[in-house]
Amino acid sequence: MGGMVGIVDAGGVSIQLYYALYALQHRGQESAGISTFDGTSLHKFKGNGLVADVFSPPVLSDLKGSSGIGHVRYPTTGARLPENIQPLNFQFQEHFISIAHNGNLVNTCELRAEYEQAGQMFTTTTDTEIIAKILIDAISNSGSVEDAVRFCMKKLTGSYAVVILIDGIIFAFRDPLGIKPLCIGKTENGYMVASESVAVDALSAKLVRDVKPGELIRIETGGISCTQVAVAGRRAHCIFEYVYFARADSVIDGVLVYDVRRKVGHKLHEEAPVKADSVGALPDSGTAYAIGYAEESKIPYVESLMKNRYMGRTFIMPTQKEREKAVRIKLNPIPAHLKDKSVVLVDDSIVRGTTSKRIITIVREAGAREVHVRIGSPAIKAPCYLGVDFPTREELIAHDRDEDEVRKSITATTLHHISLDALVEAIGISKDDLCTGCLTSCYPLPIDGEKAKTCQVDFTDSTFQSRLGSFEA
Ligand code: AMP
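Residues numbered from 1 in each chain as written. Predicted model: local features only at pLDDT ≥ 70, side-chain atom pairs only at ≥ 80, totals over all residues. Heavy atoms only, no water.

Trainee: Even after reading the chapter, I still don't get the overall build of the protein, so can you show me in this structure?
Mentor: A tally of regular secondary structure across the protein gives 15 helices and 28 strands. For the protein, whose C-alpha radius of gyration is 23 Å, the value lies close to the compact-globule estimate of 23 Å for 473 residues. For the protein, the spread of C-alpha atoms along the principal axes amounts to about 70 × 50 × 40 Å. Every one of the 473 residues in the protein was classed for burial, and the buried ones make up 59%. Of all intrachain contacts in the protein linking residues separated by at least 6 positions in sequence, the fraction that spans at least 24 positions is 69%. (Helix = DSSP H or I, 4+ residues; strand = E, 2+ residues; numbered from the N terminus. Rg over C-alpha atoms; globule rule 2.2 N^0.38 Å. Buried < 20%, exposed > 50% of the residue type's maximum accessible area, 1.4 Å probe, protein only. Contact = heavy atoms within 4.5 Å.)

Trainee: Explain the domain arrangement of the protein here, please?
Mentor: Put simply, an interface is often sized by how much accessible area is lost when its parts join up. Parsing the protein into structural domains produces domain 1 (2-233) and domain 2 (257-443). Using only C-alpha atoms to locate each centre, domain 1 and domain 2 end up separated by 33 Å. (Domains from an automatic or database assignment.)

Trainee: Got a minute to help me understand the side chain of Ser349 in this structure?
Mentor: As for its placement among the helices and strands, Ser349 is situated in the loop between strand S21 (342-347) and helix H12 (354-365). The buried category is assigned to Ser349, whose relative accessible area is 11%. Ignoring sequence-local partners within four residues, the contact set of Ser349 consists of Phe240, Val243, Ile375, Ser377 and Ile380.

Trainee: Looking at this structure, how should I read helix H5 (residues 127-142)?
Mentor: Given a rise of 1.5 Å per residue, 16 residues ought to cover 22 Å, and the 23 Å separating the end C-alpha atoms of H5 matches this to within 8%. Most of H5 sits out of view: twelve of its 16 residues are buried. If you check which residues of H5 are buried, you get Asp127, Thr128, Glu129, Ile130, Ile131, Ala132, Lys133, Ile134, Leu135, Ile136, Ala138 and Ile139. Of the surrounding secondary structure, the elements contacted by the buried residues of H5 are strand S5 (88-92), strand S6 (95-105), helix H4 (108-117), helix H6 (145-155) and strand S7 (158-166). (Expected span 1.5 Å × (residues − 1).)

Trainee: Quick question: what am I supposed to make of the pairing of strand S12 (residues 215-220) here?
Mentor: Residues in a regular strand project their side chains so that they alternate between the two faces of the sheet. Here strand S8 (residues 169-174) runs beside S12; their pairing, made up of four bridges, is antiparallel. Its bridge partner lying in S12, Phe171 is registered against Arg218. Where S12 and strand S13 (residues 223-228) come together, six bridges link them in antiparallel fashion. Within S13, the residue paired with Arg218 across the bridge is Ser225. Connecting the antiparallel pair S12 and S13 is a turn made up of two residues, with Gly222 showing a positive phi of about 115 degrees. (Pairing = 2+ DSSP bridges.)

Trainee: Quick question: what am I supposed to make of the sheet that holds strand S2 (residues 31-37) here?
Mentor: The strands that make up a sheet pair up through hydrogen bonds in the backbone, lying either parallel or antiparallel. One open sheet accounts for seven strands, arranged S3-S2-S4-S1-S10-S9-S11; its pairing is antiparallel. Among the strands making up the open sheet, the edge pair consists of strand S3 (42-48) and strand S11 (206-210). Sheet twist, expressed as the mean angle between neighbouring strand axes with direction ignored, is 15 degrees. Bridge count for strand S9 (residues 183-186) against strand S10 (residues 190-194) is four bridges, and the pairing is antiparallel. Along S10, the bridge assignment pairs Ile184 with Val193. (Axes fitted to C-alpha atoms, helices over the stretch in contact; angles between N-to-C directions.)

Following this line, the structure appears as structure tokens:
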């Protein structure tokens, strides 16, 4: 996971990239980086921390040029190495290349072995560097940058949305199954691509549409063009984007995430009604679901847990003990809203179970009589190999427990997870076009030791090429 943006705009891009990354901060808090190209050289800056901590006004004014890309990185184990911060930057022959990637390749080992055998050296452990090395090798073989990008798309298997800045031109593409989101926006003087539409909104730009799975977008001074490079027999949009990862105000593949979550809240009440005094959320991830539950049940929506806005997501903490402590600092109960009350508590998902268990304890200590937990995703039973940092099966509380065992373990009065069918209906995309690996243990790509429902992917040199538009002078 992670968030990325690429912008070409005659008026300069550094400030716009900064604001776009700010809007995508929820997709990664470990590090942030920006690269820009001014016609002759690449300017770059990156560091560990939040966007606002990494960049300052003098840094941004040094990031000159009318094209650039940016990235925020999601924390995964062992990844806090400075050399892993994206975008990765390269100079090859006369080319200046910067590259950012969101997702996880599943053929990393094979690709790395192949390119190492051919004499390539690697300085990081990231998938992104492999993408860069394939690209550089292909440029030296074919000479054409665009052909090299297409060749690169053919070599990759897994989930990927990639944005590459080469000599001022932005190439962006999405894997043939469309696992990771990527959309196109029209800025005042140019075009942009971004992981989520909230980055387009942040620049007061206009959302044009999502990048199609397997599509290659090329943005340069003068315009934007799109080529369908790969066509797959199905899609596999990550269901967890709708459940948790994306911001509620994002529109992904035509669907407003907030509406999905609110509808799931309605359906949670249909599937598991309960008599209670109030409905509340685990803020903020449970808010839209809780509002939906309250609407449908006619039980008043009352906030009984207040969030400290200045703390990051608790799963960033590296150890279980630190995560437990962090939960208490992050959420403060309002005893006056809880004492002797029967409450419905709604959240998006239970992963390890740490959060729910701690919160239920806090809510009970504040006087709640009954705590009815409602969850906006089905039970998470399997790891994600495609970019979400879900732990091993053993760490997932629901992997070998049924719902009642999970309920006991988190000490809820009642517990209900939304059914997969209801979640799919709320999203409005066919189940066969969603990746539900973490819920069903069936993945859209072959993964060692796991079940998969794969499909054929055809690569075409150019099935169609359409010019979306050109920049106004
Ligand atoms: P826990 O059950 O304690 O692991 O925490 C689950 C909560 O963390 C959920 O309510 C989500 O809001 C959030 N979360 C989302 N994605 C992840 C993830 N990849 N790993 C851990 N927690 C996550």
